[in-house]
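An overview of the molecular structure
Take a look at the letters that make up each chain.
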Amino acid sequence: MLGKVPASRLRLIDRIVQAAPAVARRAREAGVPPKDVAAFLRHYFRGVGDEDLEARAAGDLAGAALAHLAGGARRRAGAPTVRVFNPDPATDGFGSVHTVVLVVCDDMPFLVDSLGLVLNQSGHAVHLIVHPVLAVARDGRGRLKRLAAEPEPGTRLESWQLFEIDREIDPARLADLEARIRSTLADVAVAVGDWQEMRRRARELAADLETRSLPLASADVLEGRALLEWMENNHFTFLGYRYAKLKRGRGADRLVAEPGTGLGILRDGHRGRTPKPTVLAGEVRAHARDRELLVITKANSLSTVHRAAYLDYVGVKSFDARGEVDGEHRFLGLWTSTAYSRSPRDIPVLRHKVQKVIGHFGLNPSSHDGKAVLHV
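No experiment lies behind these values; they were computed from the predicted model shown.

Secondary structure assignment for the protein yields 14 helices and 13 strands. In terms of overall dimensions, the protein has C-alpha extents of about 75 × 50 × 45 Å along its principal axes. Across the 376 residues that make up the protein, the buried fraction comes to 46%. Pairs at least 24 apart in sequence give 67% of the contacts found in the protein among residues at least 6 apart. Within the structure as shown, the protein displays about 19,100 Å² of accessible surface, and the carbon and sulfur contribution to it stands at 53%. Here the protein contributes 55 positive and 46 negative side-chain charges, whose respective centroids are spaced 3 Å apart.

See below:
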C-alpha cells in the first residue's frame, strides 16, 4: 500500500518517523514494539496531504500520533475512546496552536462526515483531519496486541481519527464537545448496526402490502409497495425505525410505541431515552385516522449522522380488521443523492404527484410547456 503514496509524501513521513519523541516510552505504554510504532506512523500519515504535513513540525506530528496510539492502547469492545484537549508539550509530547480531538472506534460508514457535523455545529473550523483505518488485534481486556495496515486473521478494523480545530480554552465547552462527539458516535453505531434489519423491515412491509386486504385503492397500495422497494434499493439511508399503535380516545388519540420494535436511532433505550406517547388532537388526530397508506414529511430534528439535514420521515399506516387505522410503521433517515438527481417520473408516489400537477394545467407532457413544468 505504501507504494501508492507519492514519493514526496513518503519523504515527509520519514521525517516524522525520525522525529518521533520518546518512541520507546510510548511504545511501552501502548504495548507495541518500537519497530511497529514506526510502521504505525507510516500508515497513520499516508493519507494526509503534503501541504498539511509541511505546515507542521515533524516532531509535533509524531507526538500527536503517538499520543493517539497511547490513548488507543486499551479500548473495550464497542466502546469508543474520545479525548478533546489542548496539548501540552511537557505532558503530551507535542504542541499545537489548535485544540485536538482524538477518537478510536470501530470502523463504520459515516464516521468522518458525522464527526465533522458535530465540530462545525459547535462553531469550530477544522484545520486538519487524519483518519487512518487500522487492522487491530486486542486481548480480552481490550489491550492492544498488534497493529497492521491490512486485515489479518484475528484483527478487526478500527477508525483512528484526529481533528485539529479552532482553539477552545473554556473547560466546560471542551467537555460539552466531547459529550456531543460521544453521542454522535452512539447514533452512528446504532444506525449502522441496525441498517440491515431496517432494510428487512421495509422489504417485509412491501411484501405484506401485496397480500393484505386494505381499505384503500389498489393503485395507492401498489405505489406504496413500490416506494418501499425503491427506498430499500439504496435510495434511502435508513437511520431509525419503530412501530407505534394508535390508541383512540374521546378527545384525543395517542401513538404509543410498541416495546422492542425500535431500531437504529429509535432503538429502545438508546441514549437512555424512553419513547413517550404522542398525543394527537385536532387536525393531526384526523390526519392520523385518515385512510391513506403513507405519511411522507420531514421530522422536526436534524440528523446527527451523515449530513446536516432535517430527517426524512416515511410512515406506513397499519389497519385493523374493520379497515380502521390502528398504527404506524415509522422510518427515519435521509433520501440519498440519487433520489434528488433521478427524474421524478422514475420515483414511486412522486411520479403520480408530478402527473397530477401537469394534468392540472392541461399540458401535453411532451410539449415545451409540459417539459418545463416537469423540469421545475
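Attention shifts here to the packing of helix H1 (residues 7–19) against helix H5 (residues 58–71). Interaxial distance between H1 and H5 falls to 8 Å at its minimum, and their mutual angle equals 70 degrees. Regarding the angle of H1 to H5, the classification is roughly perpendicular. Contacts between H1 and H5 pair Arg15, Ile16 and Ala19 from the former with Ala58, Gly59, Leu61 and Ala62 from the latter. In terms of residue class, the contact of H1 with H5 is built from five nonpolar, one polar and one charged.

The next thing to look at is the pattern of salt bridges. Applying the stated criterion across every chain yields a total of 33 salt bridges. Among the ionic pairs, Arg330 bridges to Glu328, the shortest N-O distance being 3.1 Å. According to the relative accessible area criterion, Arg330 is partly exposed, its value standing at 23%. Since its relative accessible area comes to 7%, Glu328 is described here as buried. Linked through salt bridges whose partners overlap, the residues forming this network are Arg75, Asp106, Arg138 and Glu158.

This part takes up helix H8 (residues 171–193). In this model, H8 (23 residues) spans 33 Å end to end at C-alpha, consistent with the 33 Å of a helix rising 1.5 Å per residue. Those residues of H8 that fall on the buried side of the exposure criterion are Leu174, Leu177, Ile181, Ser183, Thr184, Leu185, Asp187, Val188, Val190 and Ala191.

Moving on, we get to the packing of aromatic side chains. The tally for this structure, following the rule as stated, stands at nine aromatic pairs. With 5.2 Å between their ring centres and 45 degrees between their planes, Phe40 and Tyr44 make a pair best called tilted. Of this pair, Phe40 and Tyr44 both sit in helix H3 (residues 34–44), separated by four residues, roughly a single helical turn. Both residues of the pair, Phe40 and Tyr44, count as buried. Residues Tyr241 and Phe331 carry aromatic rings whose centres are separated by 5.0 Å and whose planes lie at 45 degrees to one another, so their mutual orientation is tilted.

Next up on the list: the environment of His235. Within the secondary structure, His235 sits in the loop between helix H10 (218–232) and strand E7 (236–247). We classify His235 as buried; its relative accessible area is 7%. Discounting chain neighbours no more than four positions away, the residues touching His235 are Trp230, Trp335, Thr336, Thr338, Ala339 and Arg342. A distance of 2.8 Å separates a polar side-chain atom of His235 from the backbone oxygen of Trp230.

Among the twelve residues in E7, ten count as buried, and that is most of the element. For E7 and strand E13 (residues 325–335), the ladder comprises nine bridges, and the chain directions are antiparallel. The residue of E13 that forms the bridge with Tyr241 is Phe331. Pairing geometry for E7 and strand E9 (residues 263–264), over two bridges, is antiparallel. Its bridge partner being in E9, Tyr241 is matched across the sheet by Leu263. Taken together, the four bridges between E7 and strand E8 (residues 253–257) define a ladder with antiparallel strand orientation. Directly across from Ala244, in E8, lies its bridge partner Ala257. Taking the residues that link successive antiparallel strands as the turn, the E7-E8 hairpin has five residues.

When two helices pack together, you describe them by how their axes are tilted relative to each other and by the distance separating the axes. Between helix H7 (residues 111–121) and H8, the least distance of the axes is 10 Å, while the angle of their chain directions is 150 degrees. Relative to H8, the element H7 lies roughly antiparallel. Considering how the two elements wind past one another, H7 and H8 form a crossing that is right-handed. Residues Leu111, Ser114, Leu115, Val118, Leu119 and Gln121 of H7 pack against Leu177, Arg180, Ile181, Thr184, Leu185 and Val188 of H8. Within the contact of H7 with H8, the residues separate by chemical class into eight nonpolar, three polar and one charged.

A rise of 1.5 Å per residue sets the reference length of H5, with its 14 residues, at 20 Å; its end C-alpha atoms lie 20 Å apart and thus fit the reference within 8%. Taking burial as the measure, the 14 residues of H5 include ten buried ones, the bulk of the element.

Locating Arg201 in the fold gives a position in helix H9 (residues 195–211). Those residues in contact with Arg201, other than ones at most four positions away along the chain, are Tyr241, Leu263, His329 and Phe331.

Even without being a glycine, Phe110 presents a positive backbone phi close to 75 degrees. Tracing the backbone through its elements, the reader meets Phe110 in the loop between strand E2 (99–106) and H7. Despite not being glycine, Asn234 shows a phi value in the positive range, around 65 degrees. Mapping Asn234 onto the fold places it in the loop between H10 and E7.

Quick notes on the rules
Residues numbered from 1 in each chain as written. Predicted model: local features only at pLDDT ≥ 70, side-chain atom pairs only at ≥ 80, totals over all residues. Heavy atoms only, no water. Helix = DSSP H or I, 4+ residues; strand = E, 2+ residues; numbered from the N terminus. Buried < 20%, exposed > 50% of the residue type's maximum accessible area, 1.4 Å probe, protein only. Contact = heavy atoms within 4.5 Å. Areas by Shrake-Rupley, 256 points an atom, 1.4 Å probe, with all protein chains shown as cover. Lys, Arg positive; Asp, Glu negative; His and termini not counted. Charge placed at Lys NZ, Arg CZ, Asp CG, Glu CD. Axes fitted to C-alpha atoms, helices over the stretch in contact; angles between N-to-C directions. Parallel < 35°, antiparallel > 145°, perpendicular 65-115°, else oblique. Nonpolar A, V, L, I, M, F, W, Y, C, P; charged D, E, K, R; others polar. Salt bridge = Lys/Arg side-chain N within 4 Å of Asp/Glu carboxyl O. Expected span 1.5 Å × (residues − 1). Phe/Tyr/Trp six-rings, centres within 6.5 Å; stacked < 30°, edge-to-face > 60°. Polar contact = N/O pair within 3.5 Å; in protein donor to acceptor, adjacent residues only side chain to side chain. Pairing = 2+ DSSP bridges. Left-handed = near helix turned anticlockwise from the far one by under 90°.

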